[in-house]
Structure formats: structure tokens, C-alpha cells
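Per-entry structural report
The lines below spell out each chain.
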Amino acid sequence: MKKETERRSRRLVLVPCPLQGHINPMLQLGTILESRGFSITIAHTSYNSPNPETHPEFSFLLIPDGLSDRDISSGDLISLVLNINHNCKESLNQLIQQEDPHRKEIACIISDELMYFAEAVAANLKLPSIVLRTTSAATALAWSAVLELKAQGLIPFQDSRSHDLVPKLHPLRFKDLPISIFADFETAAKLAVYSYRNRTSSAVIWNTMDCLEQSRLLQVQQEHKVPIFPIAPMHTIAPHTSGSLLKEDRSCMEWLDKQSHNSVIYVSLGSIAFLSEKEVEEMAWGLDNSEQPFLWVVRPGSISGSDWIELLPQGFRNGVGERGCIVKWAPQKEVLAHEAVGGFWSHCGWNSTLESICEGVPMICRPCFGDQRVNARYVSHEWRIGIELEKLEREEIERAVRKLILGNEGKEMRERAKDLKEKVTVYTREGGSSYNFLNELVNLIMSF
Ligand code: UDX
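Rules of the game
- Residues numbered from 1 in each chain as written.
- Predicted model: local features only at pLDDT ≥ 70, side-chain atom pairs only at ≥ 80, totals over all residues.
- Heavy atoms only, no water.
- Pairing = 2+ DSSP bridges.
- Helix = DSSP H or I, 4+ residues; strand = E, 2+ residues; numbered from the N terminus.
- Axes fitted to C-alpha atoms, helices over the stretch in contact; angles between N-to-C directions.
- Near = heavy atom within 4 Å.
- Polar contact = N/O pair within 3.5 Å; in protein donor to acceptor, adjacent residues only side chain to side chain.
- Areas by Shrake-Rupley, 256 points an atom, 1.4 Å probe, with all protein chains shown as cover.
- Left-handed = near helix turned anticlockwise from the far one by under 90°.
- Contact = heavy atoms within 4.5 Å.
- Nonpolar A, V, L, I, M, F, W, Y, C, P; charged D, E, K, R; others polar.
- Disulfide = S-S within 2.5 Å.
- Buried < 20%, exposed > 50% of the residue type's maximum accessible area, 1.4 Å probe, protein only.

Here we take up the sheet that holds strand S8 (residues 264-268). Taken together, 6 strands build an open sheet; the order of strands is S10-S9-S8-S11-S12-S13 and the sheet is parallel. With partners counted over all chains shown, the strands left at the sheet margins are strand S10 (324-327) and strand S13 (386-388), one partner each. The mean inter-strand angle of the sheet, taken between neighbouring strand axes irrespective of direction, is 15°. Both strand S11 (residues 341-346) and strand S12 (residues 363-365) contribute to a ladder of 3 bridges, which runs parallel. Considered in S12, the bridge of serine 346 is made with cysteine 365.

Okay, structure coming up:
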């Protein structure tokens, strides 16, 4: 009881990066640490601010982010993140100093790997800080390699090298390197240096686990001089945490109830990726020709030049009702847990990848940019639970869907995915690795 009271009087300030794939793990971490007795403050920007009503157990602190409409609408996420770091440092500094009576209770600041300004604020206020890494360990290593290759003049690489293996980075090829499509290389590299190299935190929490990334975790541990706590998958340790910025359309769950076991291909490319009209046309006819039921998340605005699905081929739209269901945003974790879902066509964002593994669902991998390329390569070549879709063409899509849902290769992938799910489940149980690392993390925070 004394320990519990002691922890409640310790406040943790959590600083998420305001992008869906980063907000989710940070809120999950908040829920986990709150359940371990800490008081939680979420310090967030106005841009993509989380909904306080879904988390009455947390306090919320709004950091004026100074972003202009142009910053937000430009679509250049790298510059957006750099601007947030530039604009929010002084505001957070002042806000925390004014945070009486909570100021004295603050045990540490935990910030997303991209929100390095928060680490500088912590150092200035003489508070300990911890980084939350929301992407894989392989991605961190790949970024280090990218920076080295750049220094050697090997990046940008020639097309003829794209299928060559990157030295010391097996199984990644040059085309799998986490290069951004949002900004020029120099700008993206600047963010990578801040995110991966210049860190001063006391520890790193990583949303990964060694049954997925054992050798990579050992490598990153050698590169980091501070303790690393691989605590994953956070969404299963904190299963009821909601961080969705868009409203989930639950009607797809009723639609799934009517489909047969392992028959549905679930298609979602996350919260950032966008597609051209030509690409969605190929996707639509590929799905249709596969003759498998599909649940497709088409995020509003994700098809260039249209608000929602207006640019999908008319003939396809007329026939969707027979075999498919299209929604703007789905309760993804529940969808993946549904027995009708036989495969996940994903962009391989790290959250989606972990969520698919946790439900034992094999994947069709079609990465769009950045770390998704790294994750896709691991899904298809290391864990062998997915098919890589090389070309976004209808024949190839049709073949991939049928192979995954109906073929023997798909069946073997599903079996391997189920095995991986079992391993992951053991990690989060009492006595499992993630459970033990969480205890160590709690002890570390209590020692500050
Ligand atoms: C971003 C990057 O693009 C990604 O590469 C990086 O790994 C994390 O940050 P995002 O593209 O949104 O993330 O992908 P992902 O990491 O998969 O996160 C998406 C989240 O949104 C998942 O937690 C998923 O469950 C959720 N989601 C997605 C929904 O709840 N409903 C949907 O319909 C689609």
C-alpha cells in the first residue's frame, strides 16, 4: 500500500509525436504505467491532439505548437516534425515550470523518439528523461547504416543496386532502407540524427521484443550506453487503450460475422500513406478478380484528388456490396482478431505489423515509405509470415490474395504466424520477458 501511494505521488510527463502510429504506443505506455501506480500527464500539441475524454485517468497539458496551416497541409511530415521540435521546446519548458503543484511530483519525462525537444527540456529542468522507440530495432540499425552509406557516397544508390544486400544488414536490400518520401535526403537525415544519434536520456523503452528481434536488440544495446527495456507488444499489455484520431466504423464487425473462417483479406495502409487513382484502380480490380471477400479501409483523403472513394472505378463500386466492405476507419485490432480474417494486406507500419503478429494473421506486404520497407522485409524474409507485393498491378494482387488465403504457401505462413503469436503471448505473461522488463523499468523510475 505504501509503495502504491509513493508511486501515485510520482508523475510522469509523456510527450507523444502527434501521428497516429506514434500516439497509439505512447497512450498504451501511459495506461501500462498508470496501472503500475504512476500519475500520468500527456503533454501534446494542438495538431492531432488526443481526446482527453477517452482517458479520464490522465491529465493533459496542451503545448502550443505554433504550426501554420501551411505546415499542416504541405504533406511534408519530416519538416512538420522538425518544426514541432523547434516550436515546442520553450513552451514545454515554461509549462512544466508553471505546473505547480505537479512540478515537484515529476519523476521523469518520457518522449517519443521523434520528440527530441522534450529531452532537451528535461535536461534544462534537471529532470531525468526516457525515450520511447515506436519503430523496430532493425529500423534504428538501418538508419545508422543509411547515414554511414551516405558518408561513403553510396546514397542515393543506383537502381541497379536496389536488389543488392546491404553489407552487415542482412536481410535488407538497398530498396528496403527506410528512406523518406516526404523530404529531401538531407532533411530526413537531420531528423534521423536527432532521433537516433544525439540522445541524452537515461534509458530507452522499445516497443519490440527479443523473440522478434533478438540479434538486432543485442546490436542496438551495444550502440546505446543506457539500459534498453523491450516492452512489447504494448497494445496487448494495455488492450483497451483508445488513441484513434478518426471515428471507427464498427459496422464492418457485423459484416465480418457473416463471412466464413479465414476467408477475408483485410486491407489497410495505416494513417499516413496515400495512393494515386491508378494505384487504387489496380487494387480494386485485383481484389475483385481474386474473388475473395475483402474489408478495405480507405481513409478519407488518402486517394490523391478525391475526398473518399469517388475515384474508385464505377463498375467496381457498383459490385462492392456483393463481396466487399469499404470503411473510412476500422477497429483494426478487433478486425485482426476476428476469425473470418485470413490475411492482412498492409503497408507494414510497425503497429500494424505487431498487431498482425499478435493475432497470428499472415500478411501481404506493400510498404509505402520509411520503416515500412524494413518491416516488410522482415515479415516476408525473416519471420516468413507474409508475401511481398512487388508490383501494384491487378494480376499480381489477385495472385497474392489467392496464394495467401487459399494456397498451401499461405497455409504455412498462417501456421508460422500462429507460432509467433504463441511466443509473443508468453512474453507478456507474468514471468515473461516484457513483464520482467516492465518491472525493471518501474524500479528504475522509482530510483530517480
Ligand atoms: C506511422 C508510420 O507510417 C509507420 O511506418 C511507423 O511504423 C509508425 O508511424 P502508420 O502509417 O499510421 O504509422 O502505421 P501503423 O504503425 O501501422 O499505425 C497505424 C495504427 O492505426 C495502428 O495501431 C492501427 O491499429 C490503427 N488503425 C489503422 C486503426 O485503428 N484503424 C484503421 O482503420 C487503420
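Right, let's get into the site of the ligand. Surrounding the ligand, one finds 23 residues, the nearest of these being Ser271, Ala330, Ser352, Glu355 and Asp371. Contact distances for the ligand include 3.3 Å between an oxygen atom and a side-chain N or O atom of glutamine 332. Tryptophan 350 is positioned with one of its backbone polar atoms (N or O) 2.9 Å from an oxygen atom of the ligand. In the complex, 97% of the free accessible area of the ligand, which totals 660 Å², lies under the protein chains.

The contact between helix H4 (residues 77-98) and helix H5 (residues 117-124) brings their axes to 8 Å, and the two run at 35°. As for how H4 packs across H5, the hand of that crossing is right-handed. Contact with H4, carried on its side by Ile84, Asn85, Cys88, Lys89, Leu92, Asn93 and Ile96, involves Phe117, Ala118, Ala120, Val121 and Asn124 of H5 and no other residues of that element. Class assignment for the residues of the contact of H4 with H5 results in 8 nonpolar, 3 polar and 1 charged.

Turning our eyes to something else, we now look at the state of the cysteines. Applying the stated criterion across every chain, the model contains 0 disulfides. Cysteine cysteine 17 is unpaired, with the sulfur of cysteine 88 as its nearest cysteine sulfur at 11 Å. A disulfide-free cysteine, cysteine 108 has its sulfur positioned 19 Å from the sulfur of cysteine 17, the nearest such atom.

Taken together, the buried positions of H5 are occupied by Phe117, Ala118, Glu119, Val121 and Ala122. On its buried face, H5 sits against strand S1 (11-15), strand S3 (59-63), H4, strand S4 (106-112) and strand S5 (129-133). After H5 finishes, the residue lysine 126 shows a positive phi value of roughly 60°.

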